[in-house]
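Letter by letter, the chains look like this.
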Amino acid sequence: MVSSVRYESDLFRDGVAIVNTIFDIGKLHELNTVASKLPPFVGLTEGGRWMNHTDVEQCVEDIDWAYHWARTPEDNTFINDIILPTLQGVADVVFDSTDWGWQTTNQYIMSNGQHDLAPAPHLDAPYLWPQMLDVQMAKDLPKGPLSLTFMVPLVDFTPDNGATAYVPGTHRHIYDTAMWEDLKPHLRTFFNDNYIQPSVPLGSFACLYGNCLHSVMANKTDTVRRGIIYRAIRQDALDEMTRLGLG
Ligand SMILES: O=C(O)CCC(=O)C(=O)O
């Protein structure tokens, strides 16, 4: 069980916390090998083109990926018996109850290959819906955290290989996401001036409130920066997602 003292105060203050040295390194190496063979499900090409799953399925040529997500294997005992219960304990503390659930459409292995693309700062579900920008759950639902994104490295995350970058404290702001397209250029400048990029060593994990501005970053190494992503969402937000047909 992870001690909650430190990550609770870090999350409260910064909107992001790094929880150190929890998972078995040998098991993570094994999982990284398994994960490296999974087929990409969606992602971004080196040319900066977003490929949804239909695009990926229909593409007959090899794709030069900058970044892609592959479906997390459902039958992996290390994930199911060790990783998920650990993350679940953290989500139980953060939501102060068991009234939350996993976002089932967002359980991925994320692979950040070598690339030099600019950051794309964003918020996670359920705070921002690019396909329905006027859905603003942070404004419409009772106060308090609506989501907690977990990223578990399968190789060390470092500034060189594109460790996730964050702007601490941004989770206290409520954005007008209906204006997201207009806000984007300003947010990019703000992000570039203020981000931090903490290393997350193998065995540790990062967790962030979904409304803490963050982005994957350029990978300047020739090794893929791979990790697992899971997202816990408060139940009332999950109910809204079901009602609105949002994944
Ligand atoms: O891969 C990363 O560093 C960040 C991923 C991310 O921002 C996301 O999936 O929303």
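Residues numbered from 1 in each chain as written. Predicted model: local features only at pLDDT ≥ 70, side-chain atom pairs only at ≥ 80, totals over all residues.

## As for the overall build of the chain
Piece 1. Along the backbone of the chain there are seven helices and eleven strands.
Piece 2. Dimensions of the chain, computed from C-alpha atoms along their principal axes, come out at roughly 45 × 45 × 35 Å.
Piece 3. Put simply, the chain has 247 residues, and 37% of those count as buried.
Piece 4. Considering only contacts within the chain whose residues lie at least 6 apart along the sequence, 84% involve residues at least 24 apart. (Helix = DSSP H or I, 4+ residues; strand = E, 2+ residues; numbered from the N terminus. Buried ≥ 20, exposed ≤ 12 C-beta atoms within 10 Å, placed from the backbone. Contact = placed C-beta atoms within 7 Å.)

## Concerning the site of the ligand
Piece 1. Near the ligand the following residues occur: Met110, Asn112, Asp124, Thr164, His214, Val216 and Ile229.
Piece 2. Here the shell around the ligand is built from residues that sort into three nonpolar, three polar and one charged. (Near = placed C-beta within 6 Å. Nonpolar A, V, L, I, M, F, W, Y, C, P; charged D, E, K, R; others polar.)

## Here's the deal with the pairing of strand E1 (residues 16-19)
Two faces, one strand: in a regular strand the side chains alternate between the faces of the sheet.
Piece 1. Residues Val16 and Ile18 of E1 are buried on one face, and the alternating residues Ala17 and Val19, pointing to the opposite face, are buried as well.
Piece 2. Where E1 lies against strand E9 (residues 205-209), four bridges are found, and the strand directions are antiparallel. Residue pairing for E9: Val19 is matched across the bridge by Phe205. (Pairing = 2+ DSSP bridges.)

## Considering the environment of Asp55
Piece 1. In this fold, Asp55 is placed in helix H3 (residues 53-58).
Piece 2. Asp55 sits 14 residues away from Phe41 along the chain, and the two C-alpha atoms are 9.6 Å apart.

## With respect to the nonpolar core
Piece 1. Core analysis: the biggest nonpolar cluster contains 58 residues, and Ala91, Phe150, Phe205, Ala206 and Cys207 have the highest contact counts within it.
Piece 2. Tallying contributions element by element places helix H4 (residues 77-94) first for this core, with six residues.
Piece 3. Apart from residues no more than four positions distant in its own chain, Ala206 is found in contact with Val16, Ile18, Met151, Thr164 and Val200. (Core = buried A, V, L, I, M, F, W, Y, C linked by C-beta atoms within 7 Å.)

## Some words on the pairing of strand E4 (residues 65-71)
Piece 1. Pairing of strand E2 (residues 42-45) with E4 involves four bridges; the strand directions are antiparallel. Across the sheet, the residue bridging to Val42 is Trp69, located in E4.
Piece 2. Across five bridges, E4 lies against strand E6 (residues 108-112) in antiparallel orientation. Paired with Ala70 across the strands is Ile109, a residue of E6.

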